[in-house]
Amino acid sequence: MSSLLLTGIGSLVTNDPAHGGLLGELHDAALVIDGSTVAWVGSRREAPAADGAIDLGGRAVIPGFVDSHSHLVFAGDRAEEFAARMTGTPYSAGGIRTTVAATREATDEQLTANVSRLVAEMRRQGTTTVEIKSGYGLTVADEARGLQIARQFTDETTYLGAHVVPADYADDVAGYVSLVTGPMLDAAAKHSKWIDVFVERGAFDADQGRAILRAGIARGLQARVHANQLGEGPGVQLAAEVGAASADHCTYLTDADVDALASTGVVAGLLPAIEFSTRSPYPDARRLLDAGVTVALATDCNPGSGYSSSMPFCIALAVREMHMTPAEALWSATAGGAASLRRPDLGHLTPGTQADLAVLDAPSYLHLAYRPAVPLVTQTFVGGRLV
């Protein structure tokens, strides 16, 4: 195990409040990696010796992005559906079934190759941790294999058998809920950390969602909820009721929903690339932040409602369209994502944390929103290793 000194850092975002401000930003800084963890951070002039050194020439360093919501195990694409939306066809949850059909037909090798391609794409853009859901198989065997494939790339795997009701159960929703909470859960649980449900019109109602989440919790899984994307509904309240880590989307919220998120500590996962791709209203991040809600930003990368793997793009959208400050957006894309995944070892750069970080070809993190769509990430370290 060897140590590495990163020096000549123009701006180092630590997300450590001990260094002042929301981001704990240090200037003219240095950081030492020892094995897979951060060993030291501070002024360049006070940096200890290490086995090796890289002078970053004034570039900025930020914690690696923690993408807490994605759907990467799929086959095919829905480009034609996107084109139709751009000419006025509204988004609905029903398009998921198109991807289900393609995914069921794909081989394990094809699905694995697609996940590998997308994870590599994310790494090039500074993402160091990604949560990956199932949900495009919707049979016992296909959900289990999707999670097995996802587990090759991340420990943050989510069982989403309750994505939509598949066509073969259209006339027997109760029967499908029984499958999701019974044999499918039995097959999926050993490959999953999380359980999720899409509580929305066209998907599952509150009673069905409650049964699904409680079944997963009883098997040792932790809860997440797709909530309040297409309209006001019971998703956020259900997330608060069951102690979910996050309620994701949160586009349409009542005052009671906002209060529930703030009082229970459920993280609001905001996914602005979805609103961009569906021409939908953006969530009111300012309302949530002002109420004391913890906010995470994530891509929700999927082939239907938003096929972007870019956390920098989400930051730019959050600043421009959701009225977050650049600092709030970066915090939410790093420490906020870590909170959504209940991973205190991620999302900040302090001694003892995992050495996940991104180097920007820019003097400051501000350029992530200031220069949208520019590939600013030049190096990504995961567990202390350059990838």
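Residues numbered from 1 in each chain as written. Predicted model: local features only at pLDDT ≥ 70, side-chain atom pairs only at ≥ 80, totals over all residues. Heavy atoms only, no water.

Looking at an unreviewed UniProt entry, one finds the protein chain named Imidazolonepropionase, with Kribbella pratensis as its source organism. If you open the UniProt record of the protein chain and go to Subcellular location (unreviewed entry), you find "Cytoplasm". Comment text from UniProt for the protein chain, heading Pathway (unreviewed entry), reads "Amino-acid degradation; L-histidine degradation into L-glutamate; N-formimidoyl-L-glutamate from L-histidine: step 3/3." (UniProt positions renumbered as here; feature names shortened; annotations may be inferred.)

Peer 1: Hey, could you go over the UniProt feature "binding site: Fe(3+)" (unreviewed entry) in the protein chain for me, with residue numbers and the actual values?
Peer 2: The UniProt entry lists His-69, His-71, His-226 and Asp-300 under the feature "binding site: Fe(3+)" (unreviewed entry), expressed in the numbering used here. Maximum C-alpha separation among the annotated residues is 12.3 Å over a sequence range of 232 residues, consistent with a single clustered spot. In the annotated group above, the largest cavity draws its lining from His-71, His-226 and Asp-300. On the accessibility criterion, His-71 (2% relative accessible area) is buried. (1 Å grid on protein atoms, 1.4 Å probe; cavity = no way out; pocket = protein on both sides within 12 Å on 5 of 7 lines; lining within 4 Å. Buried < 20%, exposed > 50% of the residue type's maximum accessible area, 1.4 Å probe, protein only.)

Peer 1: Describe the pairing of strand E13 (residues 267-270), listing the residues and the values that go with them.
Peer 2: Burial of E13 is two-sided: the residues Val-267 and Gly-269 facing one way and the residues Ala-268 and Leu-270 facing the other way are all buried. Here three bridges tie strand E12 (residues 246-249) to E13, and the two strands are oriented parallel to one another. If you follow Ala-247 over to E13, its bridge partner there is Ala-268. On the question of chirality, the crossover connecting E12 to the parallel E13 by way of helix H9 (residues 255-264) is right-handed. By the bridge criterion, three bridges tie E13 to strand E14 (residues 295-297) in an arrangement that is parallel. Its bridge partner being in E14, Gly-269 is matched across the sheet by Ala-296. (Helix = DSSP H or I, 4+ residues; strand = E, 2+ residues; numbered from the N terminus. Pairing = 2+ DSSP bridges. Right-handed = clockwise from strand over helix to strand, strands pointing away.)

Peer 1: Give a detailed account of the packing of aromatic side chains, specifying residues and quantitative values.
Peer 2: Going through the model one piece at a time under the given rule, you end up with five aromatic pairs. Plain terms: the ring middles of Tyr-169 and Tyr-176 are 5.3 Å apart, the flat faces sit at 55° to each other, and that makes the pair tilted. Looking at Tyr-169, the relative accessible area reads 24%, which means it is partly exposed. A residue is classified by how much of its surface remains accessible, and Tyr-176, at 0% relative accessible area, is buried. An aromatic cluster is built from Phe-74, Tyr-136 and Tyr-307, whose rings are joined through pairwise contacts. Geometry around Trp-194 places Arg-224 over its ring, the cationic atom sitting 4.4 Å from the centre. (Phe/Tyr/Trp six-rings, centres within 6.5 Å; stacked < 30°, edge-to-face > 60°. Lys NZ or Arg CZ within 6 Å of the ring centre and 35° of its normal.)

Peer 1: Can you tell me about the sheet that holds strand E9 (residues 157-162), naming the residues and giving the values?
Peer 2: In a beta sheet, neighbouring strands pair by backbone hydrogen bonds and run either parallel or antiparallel. Judged by pairing direction, the sheet is parallel, and its seven strands sit side by side in the order E8-E9-E10-E11-E12-E13-E14 without closing on themselves. Pairing within the sheet leaves two strands with one partner each, and these edge strands are strand E8 (132-133) and E14. For E8 and E9, the ladder comprises two bridges, and the chain directions are parallel. Bridging across to E9, Ile-132 finds its partner in Thr-157. Against the sheet, helix H4 (residues 140-151) touches E8 and E9, its axis set at about 160° to E9. Along the sheet, helix H13 (residues 326-340) makes contact with strand E10 (194-199), strand E11 (222-227), E12, E13 and E14, crossing E14 at roughly 105°. (Contact = heavy atoms within 4.5 Å. Axes fitted to C-alpha atoms, helices over the stretch in contact; angles between N-to-C directions.)

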